[in-house]
Amino acid sequence: MHIDRRNFLQGLLVTQLSALPIPNALAQDNAGPAVDRSMEPWAPGCMDIHHISTGRGNATFVMMPDGTSLLIDAGATADTLDVSCAPKPSDERRPGEWVGRYLNRHFKAAGLAGLDYLLVTHLHPDHLGDVTVASPLSARGDYRLTGVTDVAEIVQVGTLIDRAFPSYDFPTKLVGLFAKNYLGFVKSRVDRGERVERFRAGSGDQFRMLKHIAVPRPPQGNTRDAARAEFGIRNLAVNGEVWTGTGQETKSMFPPLSELELRDYPNENLCSTAVRLNYGKFGYFTAGDLTSYSFDGDLPWRNLLTAAAQIAGSVDVATADHHGMFDGLSADSVRALRPQAWVVASWHISHPDQLQLERMFSDRLYPGARDVFATSLMQENYLANRRLARRMRSSDGHVVVRVAPGGDTFQVQVTDNADELDRVKLSLGPYVSGRNAGV
Ligand SMILES: [Zn+2]
């Protein structure tokens, strides 16, 4: 058997890291009641948002109230284990395979099959999958298996949506092996007649419920309750275009590229997609790796995340975008979103940054209790940020938001990423939706 040096070293690192104390155990004081049972399957009328913890990139899986499904990203970073978490549950499979299997078992439990929408927030490896010459070839086309292509190999994908289809040339042409591989995947879908779309900023109907299962009426449903319980996804931003709040109108935050020096061009993160999910009074915000850092005011147009957060307004659950890195949440974006629960999609040693945690926990930016969850925190990060990291509710595991039929309340459950049994490690709530609206 051939074992290359990198795999051997990674094996050693996995062994060493698993011997370290688990941050969850250190954060136990704040964890709340421990639970040990398998997660209840999704039921019609509920909306589930799973922040899947593979330790290697982002993957958020949404089951809408009628069983329509959406996967936002399926990352697979090739970062080494000195700066990144070990793969979860293990390195026996690639991260995209774990994600595909996660989807399939939840589809099966719900009596459903196939993914309706796959949204790639932006074109980076930790959101769509890195690739090496050792990555296996797809049986379906001229591309290799990683991240989203691994998912699509195991799960039928209805519509693929990204920020740049079909030209992939804004603000500059995509480069890199991972990008070439993804473009091969897109081409094979087009060749097979499968749907691929560009994300449309301002749209309120690009993601729709496809009526897989009849949604029960909300409890004591009268006309007013039924109207409130409407589900919808609003596309808030992409490629610097931000929804104005009127119709499908957008405005561009980016100056014309001809006016910019190459070094000031918007980067890939700044082109990320942002969405708001609504279900009755419940609201959720997520924006890929959108950032707010403007080089300390030098280039104010780069403060995209704040603009997207302000047009989203108050929500109940929000992600700390760009993995809670230094350039993610501004104070104003926190003031605008003021969620009851923050989810940090973390896997790298730098996720999250201490000032980002300060803002998420700050009752100066908005009043009231809030809970912070991270999908996978490295021990090194925990030690560096212990002052605030110890206040997190959880720092390792899938973070699953379950919104009750009608959207009036929700729970947050953390399930174990050590295997595929979906054991609930922690269950919090019910939270009352819309608590911070108008605060
Ligand atoms: Zn990222």
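Given the structure is predicted, the values throughout are model-derived calculations rather than measurements.

Q: Could you give me a rundown of the nonpolar core, with the residues and numbers involved?
A: Residues Ala274, Phe285, Leu337, Trp342, Met360 and Val372 are the most contacted members of the largest nonpolar core, which totals 42 residues. Those elements that provide at least two residues to this core are β8 (231–238), β9 (241–243), α8 (304–312), α9 (331–337), β14 (341–344), α10 (354–361), β15 (371–374) and α12 (386–389). Per-element accounting of this core gives the leading share, six residues, to α8. Among residues more than four places away in sequence, those in contact with Ala274 are Phe199, Arg234, Asn235, Leu236, Ala237, Phe285, Thr286, Ala287, Leu290 and Ala308. Among the nonpolar cores identified, the runner-up in size contains 41 residues, and Met39, Cys46, Phe107 and Val131 belong to it.

Q: Help me get a handle on the packing of aromatic side chains, residues and values and all.
A: This model, assessed by the stated rule, comprises 14 aromatic pairs. Plain terms: the ring middles of Phe170 and Phe254 are 6.4 Å apart, the flat faces sit at 25° to each other, and that makes the pair stacked. Separated by 84 residues along the polypeptide, Phe170 in the loop between β6 (157–162) and α6 (177–192) and Phe254 in the loop between β10 (250–252) and β11 (274–279) bring together distant segments of the chain. Under the relative-accessibility criterion, Phe254 is labelled buried at 8%. Through a chain of ring-to-ring contacts, the aromatic side chains of Tyr143, Phe165, Tyr168, Tyr182 and Phe185 assemble into a single cluster. The ring of Trp98 carries the charged tip of Arg93 above its face, separated from the ring centre by 5.6 Å.

Q: Tell me what's going on with the pattern of salt bridges, and back it up with residues and numbers.
A: A full pass over the atoms with the stated rule returns 19 salt bridges. The partner of Glu194 in a salt bridge is Arg192, and the shortest N-O contact between them spans 3.2 Å. Using a relative accessible area of 16% as the deciding quantity, one classes Glu194 as buried. When its relative accessible area of 32% is taken as the criterion, Arg192 is described as partly exposed. A single network of salt bridges, built from pairs that share partners, joins Arg101, Arg105, Glu420 and Asp422.

Conventions and cut-offs
Residues numbered from 1 in each chain as written. Predicted model: local features only at pLDDT ≥ 70, side-chain atom pairs only at ≥ 80, totals over all residues. Heavy atoms only, no water. Core = buried A, V, L, I, M, F, W, Y, C linked by side-chain atoms within 4.5 Å. Buried < 20%, exposed > 50% of the residue type's maximum accessible area, 1.4 Å probe, protein only. Helix = DSSP H or I, 4+ residues; strand = E, 2+ residues; numbered from the N terminus. Contact = heavy atoms within 4.5 Å. Phe/Tyr/Trp six-rings, centres within 6.5 Å; stacked < 30°, edge-to-face > 60°. Lys NZ or Arg CZ within 6 Å of the ring centre and 35° of its normal. Salt bridge = Lys/Arg side-chain N within 4 Å of Asp/Glu carboxyl O.

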